[in-house]
Amino acid sequence: MKTILHIVWYKALSFFKTTTQLKVASITKSIASLFVFGGFALAAYFFTYNTIQYIMEVADLGSFLLHRFLSMLLYVFFLSINIGNIIVSYATLYRSKETEFFFTKPVPHLSLFIIKFLDNFFYSSTTLFMIALAVLFGYGEYFQLPWTFYLNTLLFLFLPFMLIAASLGVTALMVLMKIAGRIGIKATLISLVVGYVGVVIAYFKLINPAKLVTGVMKHFPYTDQYFGYLDPPASTFLPNHWMAEALYWNLKGETARVITNTAILVLVAVCCVSLMFFIARKLYYKSWLSFLELKAHSETNATANGFFSFAKKSMFEPQTAVLIKKEFWQFFREPSQWIHLAIIMLLIIVFVASIFQLTLGTNQPYLQTVSYLVMYVFNVFLIISVALRFVYPLMSTEGLSFWKIRSAPITLNKVYWLKFLLAVIPILVANEILMIASHHAIAHHQMIVLTGLMTSVFVALSIISMNLGTGTFFADYRETNPIKISSSQGATLTFLMSIAYLVFLIAMLSFPLFGYFQMAYKHIPYSSAMFFVSIGVLLLGSTIVILVSHSIGLKGMKRDF
Amino acid sequence: MIKLHQLTKTFGSFTAVNNLSLELKQGEFFGFLGPNGAGKTTTIKMMTGLFAPTSGQIIINGFDIQKNSFEAKLATGFIPDQPFLYEKLTGKEFLFFSAGLYKLNHGMTSERIEEVIDMLELGSWIDRRAEDYSQGMRQRVCIAAALLHRPKVMVVDEPMVGLDPRSAHVVKRIFKELSQQGVTIFMSTHSLPVAEELCDRIGIIKDGELIFNNTIEALHDYKQQFDGKFESVFLELTK
């Protein structure tokens, strides 16, 4: 315990000394972060409050259905924490130089593991936790819950919930690293991805949200009854279910059921964490050795042949050619990059396949507008996530090797714009595929399709520009892990700014969309003037975002290296 | 060939390089010495475009590094103190990458790369990724990359760090040959024997100011005022 406290103290000291440096850039970053975080928390709070108000008062779906949807959201939240911990802990538990350093010191392996786990847990879960906190306040405020509710929920529901997700992720990683030593890293990773996708598909197949909604609608407006049969037995064994149940029964005032579900959650969390420590005591050091062995045996003696070979003459002029080839190999030879990309691509394919089957078969203009906006926002959110993960770190991943480019006879603007172009092409293509797929259901509303496709180009450009610009301005050439770069303070700030931009998008699109669906419903010819005004403002706003982002990025590029 | 005119670099209230002026002729081999934190690397970083000077001017091969950075950098071969390479590229790919940055003719690139690989005895390791390299191997790849475009000026920061005796011997031989061929070399080093062995002129910087700048012959004379050792001169000057 003494060792743990000693190391944690110095880590905390180092963290506070670096984050509280009185430099103009860091002060600006902190003030901007404060505003954006505050604004975002406020927005999340109001969004939650209004959504619950809508569900409860306008749609009149009742608190049972509200908590079933909450349970699904919590499942996604659980997976996010779980995946986040697997990915980040791979870096902190195995790849980190600090880990290597501590293994050469007389620090017990379990103590080192605990330090790294805490590091990992706080690093990968803080942003999600903050979002959850704002949502919790929105929820509590709507139902007029006392202050003890927040305290109890945070301590006895949220914390165990997050610990279960994190400890399961880290335990799985240790076991996987040990297995990888026997069956190879590729086979292990493929099994992991297949297993994970399987779990997600199985969950939504079991829960079947569409069936839940249609089942509930049969009983409309008495939607708070007859729901016993809608809970698939398997779902009752999941932490998201226990948490949603505890919240639901708390509203109903059934203390015994609240305590039962809370107790299950806490008990399972204790078991998961204990299991993780037990496995860590047995496996952490061994799996770290396996990792080193895997690293040593990985096939690295290959100067590439083929299309992207450096030796091959390119159609581009030499500087452009070598920069493209470098980006390509740097990306595809880094497992954490291509594996993450593969997972995201898979999710996009699943999403596109699902959305093709979707019908916005309602005639209610309000619901049509909301459904369309949800779909649109989801697409944009996906692009925001991809950009944050892959575009934001683009400049930082140059690392300290960037001296070669900085001291070479090449303009930095060229390097910057080439990175922009390399990010824009694949993301724009993915974005348009998503948009076409999501507009498939409303192909007959040509005005909407055209607007959607056109605005999405500007939206993608804005988001990519924002991420590259701020990613360059806040570039950290010393950090070698792209995942850590995309979850840094600057990245979080960029993410929240992207969300603010998303809110701006919703504000610009919602009124003309509602107007359009209303006119279509009443069979009145629709005047496109309102669309033009909104789209004009949207394009103007996007252009400002693009210009400001690039000017920040280019400025950051010219700083001393 | 290299001209530093009243060069100053400040970081907030700290002055790393203070009003440094220096002129090197073609083929001159300049040894830049000084204690840790004296301003050697800062000067080199300004000469190679990694830092912008707070004031003053740097002319390389007749071109101002600030105003005509393309031409100035084209004439320069830079070897940094820390040989950072792109970890996921092989040594050979890094050499191709460097050649491309200097716009080398593609037809001649492969030939030139093989030439520098032989020159620095890089062997079969050149086809392994940089993540597997030792410090010495990284250093030699950086040196090879700096020589590819046959620069007129070499700016070298601590070239011998991490090199085994054989590699150090090879590198010293290459530098001597380059100097004889008319390449101007600006080399920062902590190794007094290396500076004495290779350089035509020695400069010593302390607290950002150039406190000694003379030919190696003048240094030999100066040494006699002490115990005949360069180390004693250095310790006295930087005291």
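Parameters at a glance
Residues numbered from 1 in each chain as written. Chains lettered and ligands numbered in written order. Predicted model: local features only at pLDDT ≥ 70, side-chain atom pairs only at ≥ 80, totals over all residues. Heavy atoms only, no water. Pairing = 2+ DSSP bridges. Helix = DSSP H or I, 4+ residues; strand = E, 2+ residues; numbered from the N terminus. Axes fitted to C-alpha atoms, helices over the stretch in contact; angles between N-to-C directions. Contact = heavy atoms within 4.5 Å. pLDDT = per-residue confidence, 0-100. Phe/Tyr/Trp six-rings, centres within 6.5 Å; stacked < 30°, edge-to-face > 60°. Buried < 20%, exposed > 50% of the residue type's maximum accessible area, 1.4 Å probe, protein only. Expected span 1.5 Å × (residues − 1). Bend = angle between axes of the 7 residues up to and from the residue. Arc of directions from axis to C-beta. Domains from an automatic or database assignment. Buried area = accessible area lost by both parts, 1.4 Å probe. Salt bridge = Lys/Arg side-chain N within 4 Å of Asp/Glu carboxyl O. Left-handed = near helix turned anticlockwise from the far one by under 90°. Nonpolar A, V, L, I, M, F, W, Y, C, P; charged D, E, K, R; others polar. Parallel < 35°, antiparallel > 145°, perpendicular 65-115°, else oblique. Polar contact = N/O pair within 3.5 Å; in protein donor to acceptor, adjacent residues only side chain to side chain.

Trainee: I'd like to hear about the sheet that holds strand β8 (residues 184-188) of chain B, residue by residue, with values.
Mentor: All names here are of chain B. If you trace the 6 strands from one edge of the open sheet to the other, you get β6-β7-β8-β3-β9-β10, paired in mixed fashion. The open sheet has two edge strands, β6 (76-79) and β10 (209-215), and neither has a second partner. Ignoring which end each strand starts from, the neighbouring axes of this sheet average 15 degrees apart. Across the sheet, helix α6 (residues 165-180) lies against β3 (29-33), β6, β7 (153-157) and β8, angled at about 145 degrees from β8, the strand it touches most.

Trainee: How would you summarise the confidence of the model for chain A if you had to cite specific residues and measurements?
Mentor: For chain A, per-residue confidence averages 83 on the pLDDT scale, and 89% of positions sit at 70 or higher. The lowest-confidence element of chain A is helix α8 (residues 209-218) of chain A, averaging 60 in pLDDT; the highest-confidence one is helix α14 (residues 403-406) of chain A, averaging 94.

Trainee: Which residues make up the packing of aromatic side chains, and what values do they have?
Mentor: For the structure on display, the rule yields 53 aromatic pairs over all chains. Ring centres of phenylalanine 103 of chain A and tyrosine 284 of chain A lie 5.5 Å apart, and the angle between their planes is 45 degrees; on these two criteria the pair is classed as tilted. Taken together, the residues span a long stretch of sequence, with phenylalanine 103 of chain A in helix α4 (residues 97-103) and tyrosine 284 of chain A in helix α10 (residues 255-297) at a distance of 181 residues. Relative accessible area serves as the criterion here: at 13%, phenylalanine 103 of chain A is assigned to the buried category. Ring centres of phenylalanine 32 of chain B and phenylalanine 186 of chain B lie 5.0 Å apart, and the angle between their planes is 55 degrees; on these two criteria the pair is classed as tilted. Taken together, the positions of phenylalanine 32 of chain B in strand β3 and phenylalanine 186 of chain B in strand β8 put the pair 154 residues apart, joining distant regions of the chain.

Trainee: Lay out helix α6 (residues 147-183) of chain A with the relevant residues and their values.
Mentor: All names here are of chain A. Taking 1.5 Å per residue as the helical rise, α6 with its 37 residues ought to reach 54 Å, and the 52 Å between its terminal C-alpha atoms agrees with that figure. Maximum bend of α6: about 40 degrees, positioned at threonine 153. Glycine 184 sits one or two residues past α6 and shows a positive phi near 95 degrees.

Trainee: Give me unusual backbone geometry: which residues, what numbers.
Mentor: Among all residues save glycine, negative phi is the norm, and among peptide bonds the norm is trans. The phi torsion at asparagine 61 of chain B lies on the positive side, around 50 degrees, for a residue other than glycine. For asparagine 61 of chain B, a relative accessible area of 22% corresponds to the partly exposed category.

Trainee: Which residues make up helix α8 (residues 216-223) of chain B, and what are the values?
Mentor: All names here are of chain B. If you check which residues of α8 are buried, you get Ile216, Leu219 and Lys223. All buried residues of α8 project into a common sector of 50 degrees when viewed along the axis, lining one side. Summarising the geometry of α8, the exposed residues directed more than 90 degrees from the buried face are Glu217 and Asp221. Packed against the buried residues of α8 are α7 (192-198), β9 (201-206), β10 and α9 (230-237).

Trainee: Explain the domain arrangement of chain A residue by residue, including any values.
Mentor: Residue and element names in this part refer to chain A. Partitioning chain A into domains gives domain 1 (39-298), domain 2 (301-332) and domain 3 (334-561). Taking the mean C-alpha position of each, domain 2 and domain 3 sit 28 Å from one another. Taken together, the contact between domain 2 and domain 3 spans 10 residues of the former and 16 residues of the latter. If you sort the residues of domain 2 by the area they bury against domain 3, Leu323, Glu327 and Phe331 come out on top, with a joint share of 49%. At the surface where domain 2 touches domain 3, the tally comes to 3 salt bridges.

Trainee: Before we move on, could you go through the environment of tyrosine 521 of chain A and cite the residues and values that matter?
Mentor: Residue and element names in this part refer to chain A. Within the secondary structure, tyrosine 521 is located in helix α18 (residues 489-521). Overall, the relative accessible area of 47% leaves tyrosine 521 in the partly exposed class. Taking C-alpha positions, tyrosine 521 is 12 Å from leucine 367, a pair spaced 154 residues apart along the chain.

Trainee: Hey, could you go over the pattern of salt bridges for me, with residue numbers and the actual values?
Mentor: What the rule picks out here adds up to 26 salt bridges over all chains. Between lysine 419 of chain A and glutamate 327 of chain A there is a salt bridge, and its shortest N-O distance comes to 2.5 Å. Taken as a pair, lysine 419 of chain A in helix α15 (residues 412-439) and glutamate 327 of chain A in helix α11 (residues 318-332) lie far apart in primary sequence, 92 residues in all. Note on accessibility: lysine 419 of chain A and glutamate 327 of chain A belong to one class, buried. Three or more residues joined by partner-sharing salt bridges are found here, namely Arg95 and Glu334 of chain A together with Lys88, Arg129 and Glu131 of chain B.

Trainee: Report on the packing of α15 of chain A against helix α16 (residues 446-473) of chain A, specifying residues and quantitative values.
Mentor: Residues and elements named next belong to chain A. Contact pair α15 / α16: the axes reach a minimum separation of 9 Å and the direction vectors enclose 150 degrees. In the packing of α15 onto α16, the handedness of the crossing is right-handed. Broken down by class, the residue content of the contact of α15 with α16 amounts to 16 nonpolar, 7 polar and 2 charged.

Trainee: Lay out the packing of α16 of chain A against α18 of chain A with the relevant residues and their values.
Mentor: All names here are of chain A. At a minimum axis distance of 11 Å, the contact between α16 and α18 shows a crossing angle of 170 degrees. Judged by the inter-axis angle, α16 sits roughly antiparallel to α18. Between α16 and α18, the residues in contact are Gln446, Met447, Ile448, Thr451, Phe458, Val459, Ser462, Ile463, Met466, Asn467 and Thr470 and Thr494, Met497, Ser498, Tyr501, Leu505, Leu509, Leu513, Tyr516 and Phe517, respectively. For the contact of α16 with α18, a count of residues per class yields 13 nonpolar, 7 polar and no charged.

Trainee: Break down the interface of chain B and chain A for me, citing the residues and quoting the values.
Mentor: In this assembly, 41 residues from chain B lie in contact with 35 residues from chain A. The junction of chain B with chain A conceals about 3400 Å² of combined surface from both sides, 61% of it contributed by carbon and sulfur atoms. Linking chain B with chain A are 3 salt bridges. Two residues, glutamate 334 of chain A and lysine 88 of chain B, come together in a salt bridge whose shortest N-O distance is 3.8 Å. In this structure, the connection of chain B to chain A is made through 11 residue pairs in polar contact (both at pLDDT 80 or more). Residue assignment for the side of chain B that touches chain A shows that the elements contributing at least two residues are β1 (2-11), α2 (69-74), α3 (91-101) and α5 (135-147) of chain B. Per element, the largest residue contribution to the side of chain B that touches chain A is 8 residues, and it comes from α3 of chain B.

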